[in-house]
There are 2 protein chains.
Amino acid sequence: MSWRIVGAVTRWEPNARGRLEQAALELFGEHGYEQTTVDDIARRAGLTKRTFFRHFADKREVLFGGADEFKQLFVDGLTGAPASAAPLEAIAVTLEAVADAFHDRRELARRRQRVIMANAELQERELVKLAGVAAALAAALRERGVAEPAASISAETAVAVFRNAFERWVAAADRRELPELIGESLDALRGVTAGRR
Amino acid sequence: MSWRIVGAVTRWEPNARGRLEQAALELFGEHGYEQTTVDDIARRAGLTKRTFFRHFADKREVLFGGADEFKQLFVDGLTGAPASAAPLEAIAVTLEAVADAFHDRRELARRRQRVIMANAELQERELVKLAGVAAALAAALRERGVAEPAASISAETAVAVFRNAFERWVAAADRRELPELIGESLDALRGVTAGRR
């Protein structure tokens, strides 16, 4: 929720955060991330700069503001796996839950990915984000009683599988949905250790 | 090899690169990466600043100057695996070759790791380096006829296994050598997909 002062009236701007995100991704795509200013984003969204800063610290946060929630999706997803689940089963349950959170965000995810891929600094930030997810997931696995190095290897593997499927999901060429692509990546992982090529 | 002009005489500085690396890692550890200058490094190594810049573009390159060779170790290591090798077997052969290149560098690797872990920017650079290794290894696997997504998943997995073992190798607590730790990480990977906890 967002309120804007208009004269003496405080006005609520419905879904300001979503509109700002949408506007920012459009502009990053049209003019490039570097060339887009917070002013541009606010104007495109039909909101004020002040409203922008109520939701995001800067334009980079439009792309990474959800990093903590993203990490939490993995940790929470893992709690959905029974305590007796083997690592791969726990990973599958976790990734299914994460995929769920993205099911209506494919177009936004595609736009975001294009912006990230065009900028080396943003790619680094994305790697840091994913490393943070793997560390949090490894900690959650240890809490479930998984020993090291299995916990870290499972967590890294889970993130690699997710990223692999996600990158194919946001690529224009593939029309399949994220859960199916995750299933395919998990099969590939099984193949790595099962002696298949 | 390095030559230094002394008066009218060009003098060869034996192992200048190694001495500069050693001096830099000592100083980064003693005073911190940020606080250490190229002047300090050259002085500690008993060499000139000019000699430093003949070997490294800046002090960060002392830590990352070997990134291309590191990547090549993986790609070359893979060529040692028979064409018929299953992915996990190819990964094991690859990582054995990479470990070989580090066998007399444990103390340097420890010092380097401590410097990296103390600096967020250097950690990002390290993640970028490892992502580059995974991408190169995936390309090499595709050239061997491994299809996607198996090639990328195998490559990401190989890098995760290596990093996991390497981090334990440079941790002071573990006295085992890198090949043994890699074997343990590979076993953990097998456990992820084999239903073991």
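Note that this is a predicted model, so its numbers are computed, not measured.

Here is what the cut-offs are and how they apply
- Residues numbered from 1 in each chain as written.
- Chains lettered and ligands numbered in written order.
- Predicted model: local features only at pLDDT ≥ 70, side-chain atom pairs only at ≥ 80, totals over all residues.
- Heavy atoms only, no water.
- Helix = DSSP H or I, 4+ residues; strand = E, 2+ residues; numbered from the N terminus.
- Buried < 20%, exposed > 50% of the residue type's maximum accessible area, 1.4 Å probe, protein only.
- Phe/Tyr/Trp six-rings, centres within 6.5 Å; stacked < 30°, edge-to-face > 60°.
- Lys NZ or Arg CZ within 6 Å of the ring centre and 35° of its normal.
- Contact = heavy atoms within 4.5 Å.
- Buried area = accessible area lost by both parts, 1.4 Å probe.
- Salt bridge = Lys/Arg side-chain N within 4 Å of Asp/Glu carboxyl O.
- Domains from an automatic or database assignment.
- Axes fitted to C-alpha atoms, helices over the stretch in contact; angles between N-to-C directions.
- Parallel < 35°, antiparallel > 145°, perpendicular 65-115°, else oblique.
- Left-handed = near helix turned anticlockwise from the far one by under 90°.
- pLDDT = per-residue confidence, 0-100.

**Q** Help me out: how do you make sense of the side chain of Thr51(B) in this one?
**A** Mapped onto the elements of the fold, Thr51(B) is located in helix H3 (residues 49-55). Accessibility expressed as a relative area gives 0% for Thr51(B), which makes it buried.

**Q** Looking at this structure, how should I read the packing of aromatic side chains?
**A** How two aromatic rings sit relative to each other is set out by the distance from centre to centre and by the angle between their planes. All names here are of chain B. A complete count under the given rule lists 24 aromatic pairs over all chains for this structure. The positively charged end of Arg125 is found above the aromatic ring belonging to Phe64, 5.1 Å away from the centroid. The positively charged end of Lys129 is found above the aromatic ring belonging to Phe70, 4.4 Å away from the centroid.

**Q** For this particular structure, what's the right way to read the interface of chain A and chain B?
**A** Interface size is commonly expressed as the accessible surface area that is lost when the partners come together. Contacts between chain A and chain B engage 36 residues on the former and 36 residues on the latter. Counting the surface lost from both chain A and chain B, the interface buries some 2,900 Å², and carbon and sulfur atoms represent 68% of this. The residue Glu156(B) makes a salt bridge to Arg163(A) at a minimum N-O spacing of 2.2 Å. Residue assignment for the side of chain A that touches chain B shows that the elements contributing at least two residues are helix H6 (87-100), helix H8 (120-143), helix H9 (150-170) and helix H10 (178-194) of chain A. Looking at the side of chain A that touches chain B, the element that brings in the most residues is H9(A), giving 11 residues.

**Q** It is not clear to me how unusual backbone geometry should be interpreted in this structure. Could you clarify?
**A** Glycine aside, negative phi is the norm for most residues, and most peptide bonds take the trans geometry. Put simply, Glu148(A) and Pro149(A) share a cis peptide bond, and its omega is 5 degrees. With respect to the secondary-structure elements, Pro149(A) resides in the loop between H8 and H9.

**Q** For this particular structure, what's the right way to read the domain arrangement of chain A?
**A** Residues and elements named next belong to chain A. Domain boundaries in chain A define domain 1 (3-57) and domain 2 (66-194). When the two sides are added together, the surface that domain 1 and domain 2 hide from each other amounts to roughly 680 Å², 59% of it contributed by carbon and sulfur. If you sort the residues of domain 1 by the area they bury against domain 2, Glu21, Leu25 and Tyr33 come out on top, with a joint share of 63%. Where domain 1 touches domain 2, the interface holds two salt bridges.

**Q** What am I meant to see in the packing of helix H1 (residues 16-31) of chain B against helix H2 (residues 38-45) of chain B here?
**A** For any two helices packed against each other, one specifies the inter-axial angle together with the distance between the axes. Residue and element names in this part refer to chain B. Closest axis-to-axis distance for the H1/H2 pair is 8 Å, and the angle between their directions is 120 degrees. Relative to H2, the element H1 is oriented oblique. For H1 against H2, the interelement crossing comes out right-handed. Contacts between H1 and H2 involve Arg19, Leu20, Ala23, Ala24, Glu26, Leu27, Phe28 and Glu30 on the former and, on the latter, Asp40, Ile41, Ala42, Arg44 and Ala45.

**Q** What is the right way to look at the confidence of the model for chain A in this model?
**A** With 92% of its residues at a pLDDT of at least 70, chain A reaches an overall mean of 90. Under the prediction, the complex receives an ipTM of 0.84, its pTM being 0.86.

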